[in-house]
Amino acid sequence: MISTDRKNRLRRSMMFLSAQRPNLIRDSYLFAPDSLIFDLEDAVAENQKDSARFSLYHAIKNIDYHGVERLVRINALDTPHWQEDIRVSVAAGIDGIRIAKCESAQDVHTVETAVAAAEEEFGRPIGSVLLMAALESPLAVLNALEISKASPRMFGIALSGGDFRRCMRTTGKGGGVDMFTARGLMVLSARAAGVQCFDTVYTDLDDLEGFEKETQLIKHMGFDGKSIVNPRQIKIVHKVFAPSQEEIQEAERVMIAIRENAEKGIGIFQMDGKMLDIAFMEGAERTIALAKASGLYKGDL
Amino acid sequence: MKNSVGREIPRELIEQGWQPYQGKDAYNGTEFQKVGPKIKVADQGSEEKVLNSIEEAIRACGLKDGMTLSFHHHFRDGDYIVETVMREIVRLGFRDMKLACSSIGSAAPIVADCIETGVVTGLTTSGIRDRIGEAVSHGKLKDIAILRTHGGRIRAIEQGKIHIDVAFVGAPSCDAYGNASGKGGKSNCGSLSYAEIDVMYADQVVVITDTLVPFPNKPSHIEGIYVDYVVEVNEIGNPKKIASAAARMTTNPKDLMIAEDCVRVMRALPYFVDGFSFQTGVGGPSIATTIFLREHLKELGIKIGWIVGGVSTHMVNLMKEGLVGCIADVQDFDLGAIESLGTDPRHFDISVSEYANPFNKGAFINKLDFVILSALEIDTDFNVNVLTGSDGVLRGAAGGHPDTAACAKCCIIVTPLVRGRIPTVCDRVVTVTTAGDSIDVLVTDHGIAVNPLRQDLIKHLNAAGIEHVDIHTLRDKAYSIVGQPDDIQFEDRVVAIVEARDGTVMDVVRQVKPFSISED
């Protein structure tokens with residue numbers, strides 16, 4: 001069984017890096033993203049897939065990533081590569097797999113079967129490798145709910161903007177209006193299924209202002225984090241997702257009050273004129289977790 | 001005999017009168033008699049000093065075999081002066097010449113040929129690279145080369161350790177009477193600080209320019225009173241290589257991370273108060289540090305009192321924003337800096353003696369708060385190498401590194417922990433150019449280490465909550481990533497002396513052995 005802690009860990013920033021580039025995979029944990037996504041798909045040329053898998057395997061085996069989550073983006077299911085990608089990733093001891101171009105619950109099942117076989121083959125605990133799905137087409141987005149619910153291994157879904165925009169025949173110059181429905185549907189589906197939801201990459205590396213705006217937008221929509229392509233973007237995402245001092249203090253007081261009242265046998269009570277009960281605990285806990293990850297909370301909770 | 005950084009000084013050098021390095025403050029209170037040049041009084045009836053060619057100037061100077069010629073490096077990789085003069089020296093059949101350069105690089109490959117053929121047999125410089133570095137490291141130079149710091153070079157000139165027979169000074173503009181400037185021509189370089197002391201101590205001075213302007217060419221960086229001859233040539237250099245449009249801000253995320261940490265360290269120290277002084281270079285993390293300082297200065301409502309040393313557009317921009325009081329310039333790295341020098345009264349040039357000479361009555365850097373420097377290697381005693389590469393071959397420049405490190409209240413080294421497969425933090429640097437007693441803080445992409453000699457700094461970093469580790473931890477980390485390299489193999493022969501700024505021996509560089517794979 002996968003622990004909820006592993007599934008629900010903080011994933012504000014998920015940084016892609018080519019599994020083929022030693023200088024990137026060597027020590028990218030230094031930039032302290034929440035997750036690293038080693039890419040075997042688009043970042044690796046067709047005739048270099050094998051050498052990239054080789055690098056990936058040895059990196060995961062030998063390098064201490066200091067607690068940063070290690071995911072692998074495998075090649076799409078209509079390629080000859082994805083099965084070997086899964087075997088190498090599972091054998092190396094990766095935390096999870098990102099399914100590229102996932103269109104349906106069936107795609108998740110297909111990957112899940114291969115992952116389970118690899119876990120058995122390489123002696124890893126059955127069910128230990130997590131899954132997430134990248135939704136890259138209109139059909140995938142419309143199937144977001146069934147994909148999110150397809151497996152207990154699933155921890156989240158991510159929008160992949162490049163391919164999605166290509167399908168929608170839009171350019172991305174409309175300030176994100178072309179993806180508004182997709183984003184809304186996805187975050188709604190993810191919440192309904194109890195998994196996380198991640199936004200697409202922002203490819204204009206010099207436009208850090210635009211990147212921050214987009215990150216604020218998706219944070220307010222309810223996304224858990226964002227895929228990123230450059231370490232310069234990490235701090236910005238973490239800043240946007242960091243709770244304010246007031247929010248932290250409020251969350252701290254809520255958590256303490258709920259606990260203290262629970263010990264006294266009180267389920268519902270008032271604080272500063274607002275009704276509070278156990279339903280507020282989860283939000284307060286998430287705020288404290290974010291505050292800790294942002295280095296803003298040094299208290300005892 | 002070992003010096004205070006644990007380097008063995010060969011007996012033959014001690015017998016020749018060389019002293020071992022004894023620490024950065026060992027020379028305090030030294031007294032000495034300055035030397036003076038031999039002056040040929042100007043012909044009162046002649047209003048011009050212009051000759052038709054470099055050959056004419058060489059003949060007019062009465063150049064002889066064995067004489068010492070000096071050159072400055074303000075034109076960097078765009079320099080045509082060294083190449084042009086040396087071609088004439090070769091053509092006219094001179095032998096056994098000694099070169100005294102402020103630095104020499106890839107712009108004059110002819111010097112490597114001259115070393116091979118015995119036209120050049122002696123060399124003192126601060127920087128040495130490419131074919132010239134290889135020629136010296138492979139034992140082709142007849143004498144032992146002496147590598148000096150910028151400040152140490154001026155000290156050596158004033159002590160008479162370097163006697164310049166003829167100084168050849170490339171100048172972007174000059175009048176017919178020898179008033180020369182780093183501006184006002186076709187290939188401007190800004191300040192001419194590295195030449196200013198040379199012309200005062202050289203017996204004869206030849207200015208070479210491609211832009212002859214009407215008398216008087218004022219303000220001038222080189223005064224005509226020191227100049228014997230002026231020669232006009234077609235081109236003094238390649239302007240594109242002399243100065244870039246603007247020194248580029250790095251986008252390398254590790255450099256940026258290092259720079260951010262460097263600024264965090266600076267801010268945690270008591271020197272980071274209104275009016276502090278600052279110096280850095282133009283490497284990736286250095287420029288980023290300059291840029292990141294802006295937001296911290298604004299947030300605290302303070303400004304930098306003065307900047308000294310090499311200047312880039314980024315520093316000039318800070319000054320224009322009112323975040324820097326003034327800039328004392330010895331070298332300009334890009335067009336923005338060149339344009340600003342002398343145009344804005346807050347941006348002025350100083351001579352290299354005023355900048356960094358340890359043996360005068362007080363240089364600018366004696367008052368410096370922060371200097372941010374790089375390193376090719378740094379060992380667990382904080383000794384730094386900026387001269388020899390991982391193959392033991394000379395390919396760097398001491399420059400002002402040892403001078404500023406020794407003087408600044410806080411010297412911070414910024415460097416990645418490993419470069420390719422080469423560890424930067426190591427057990428023992430190949431060559432000590434800057435002694436560990438001058439280095440205070442090391443900032444790498446894998447963490448920060450503070451020299452245990454600076455317990456005061458450690459207290460401040462702890463108080464600010466800035467994590468730091470023992471430098472041995474960083475060394476272990478570096479070795480765990482790329483492995484520990486075997487020691488480089490050298491022959492016994494000393495090919496270069498690394499002179500400390502006070503004239504003592506910091507280290508020696510030996511001839512490299514041809515590479516071979518070891519048996520085990």
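Residues numbered from 1 in each chain as written. Chains lettered and ligands numbered in written order. Predicted model: local features only at pLDDT ≥ 70, side-chain atom pairs only at ≥ 80, totals over all residues. Heavy atoms only, no water.

1. Notes on the domain arrangement of chain A
The test is simple: What marks off one domain from the next here is an automatic or database domain assignment.
For chain A, the domain assignment lists domain 1 (4-241) and domain 2 (245-293). Each of domain 1 of chain A and domain 2 of chain A has a C-alpha centre, and the two are 32 Å apart.

2. Details of the interface of chain A and chain B
To keep things clear, this is the line we draw: The contact rule is simple, with two residues in contact once any of their heavy atoms fall within 4.5 Å. Accessible area that two parts lose when put together, with a 1.4 Å probe and added across both, is what the buried area reports. Basic side-chain nitrogens of Lys or Arg form a salt bridge, by our definition, when they fall within 4 Å of a carboxyl oxygen of Asp or Glu. Pairs of N or O atoms within 3.5 Å make up the polar contacts considered here, provided that, within protein, one atom can donate a hydrogen while the other can accept it, and that residues adjacent in sequence are counted only when both atoms are side-chain atoms. Asp, Glu, Lys and Arg are counted as charged, while Ala, Val, Leu, Ile, Met, Phe, Trp, Tyr, Cys and Pro are counted as nonpolar; the rest, among them Gly, fall into the polar class.
With ten residues of chain A at the contact, the number on the chain B side is twelve residues. With both chains or domains summed, chain A and chain B bury close to 940 Å², and 57% of this area falls on carbon and sulfur atoms. The largest per-residue losses of area from chain A upon contact with chain B belong to Arg26, Leu30 and Phe31 of chain A, which jointly make up 51% of the total buried on that side. For the pair chain A and chain B, the number of links is two salt bridges. Our count for the contact surface shared by chain A and chain B stands at five residue pairs in polar contact (both at pLDDT 80 or more). In terms of residue class, the side of chain A that touches chain B is built from four nonpolar, two polar and four charged.

3. Details of helix α15 (residues 455-463) of chain B
All names here are of chain B. Note the following rule: Three labels apply to residues, based on accessible area from a 1.4 Å probe with only protein chains included: buried if under 20% of the type maximum, exposed if over 50%, partly exposed otherwise in between. For the purposes of this entry, the term helix denotes a DSSP run of H or I that reaches at least four residues, the term strand denotes a run of E that reaches at least two, and both are numbered from the N terminus. Here the arc refers to the directions that run from the helix axis out to each C-beta atom.
Residues Leu457, Ile458 and Leu461 constitute the buried set of α15. The buried residues of α15 occupy an angular sector of 105° when projected down its axis, which confines them to one face. Facing away from the buried side of α15, by more than 90 degrees, are the exposed residues Lys459 and Ala463. Gly465 lies just past α15 and shows a positive phi near 75°.

4. Notes on the sheet that holds strand β18 (residues 377-379) of chain B
This is how the line gets drawn: If DSSP finds at least two bridges between two strands, the strands pair.
In spatial order, the strands read β19-β18-β24 (chain B); together these three strands make up an open sheet with mixed pairing. In this open sheet, the two strands that pair with only one neighbour each are β19 (384-385) and β24 (425-426) of chain B.

5. Digging into the side chain of Asp210 of chain B
Residue and element names in this part refer to chain B. Threshold: His is not counted, nor are the chain ends; Lys and Arg add positive charge and Asp and Glu add negative charge.
As for its position among the elements, Asp210 is in the loop between β10 (204-209) and β11 (212-213). Buried and without a salt bridge, Asp210 has Lys186 as its closest oppositely charged side chain, separated by 4.7 Å. A polar contact of 3.1 Å, which involves the side chain of Asp210, links it to the backbone nitrogen of Ile236. With residues up to four places along the chain from it excluded, the contact list for Asp210 reads Ala171, Pro172, Lys186, Ser187, Glu232, Val233, Asn234, Glu235 and Ile236.

6. Notes on the side chain of Ser191 of chain B
Residue and element names in this part refer to chain B. As for its position among the elements, Ser191 is in the loop between β9 (180-181) and α7 (193-201). Among the polar contacts listed, one links the side chain of Ser191 to the backbone nitrogen of Gln331, at a separation of 3.4 Å. With residues up to four places along the chain from it excluded, the contact list for Ser191 reads His74, His221, Asp329, Val330, Gln331, Asp332, Leu341 and Asp349.

7. Describing the nonpolar core
Selection criterion: Here, nonpolar core refers to any group of buried Ala, Val, Leu, Ile, Met, Phe, Trp, Tyr and Cys residues whose side-chain atoms link them within 4.5 Å.
Counting residues in hydrophobic clusters, the biggest one holds 118 residues, and the most contacted among them are Leu69, Phe71, Met86, Ile89 and Val111 of chain B. Counting contributing residues per domain, this core is built from domain 1 (49-242) and domain 2 (253-488) of chain B, each supplying no fewer than three. In this structure Val111 of chain B touches Val82, Met86, Leu99, Ile104 and Ile132 of chain B, once residues within four positions along its chain are discounted. In this structure, Met15, Phe38, Ala133 and Ala150 of chain A belong to the second largest nonpolar core, which totals 66 residues.

8. Points about the domain arrangement of chain B
By a widespread convention, an interface's size corresponds to the accessible area lost as its parts come together. Residue and element names in this part refer to chain B. When its domains are assigned, chain B resolves into domain 1 (49-242) and domain 2 (253-488). When each unit is reduced to the centre of its C-alpha atoms, the spacing between domain 1 and domain 2 is 29 Å. With 31 residues of domain 1 in contact, the opposing surface of domain 2 contributes 31 residues. Where domain 1 packs against domain 2, one counts zero salt bridges. Our count for the contact surface shared by domain 1 and domain 2 stands at 21 residue pairs in polar contact (both at pLDDT 80 or more). Secondary structure elements with two or more residues in the side of domain 1 that touches domain 2: β5 (127-128), α5 (130-137), α6 (150-159) and α7. Looking at the side of domain 1 that touches domain 2 element by element, the count peaks at seven residues for α6. Of the residues assigned to the side of domain 1 that touches domain 2, the class counts are seven nonpolar, 16 polar and eight charged.

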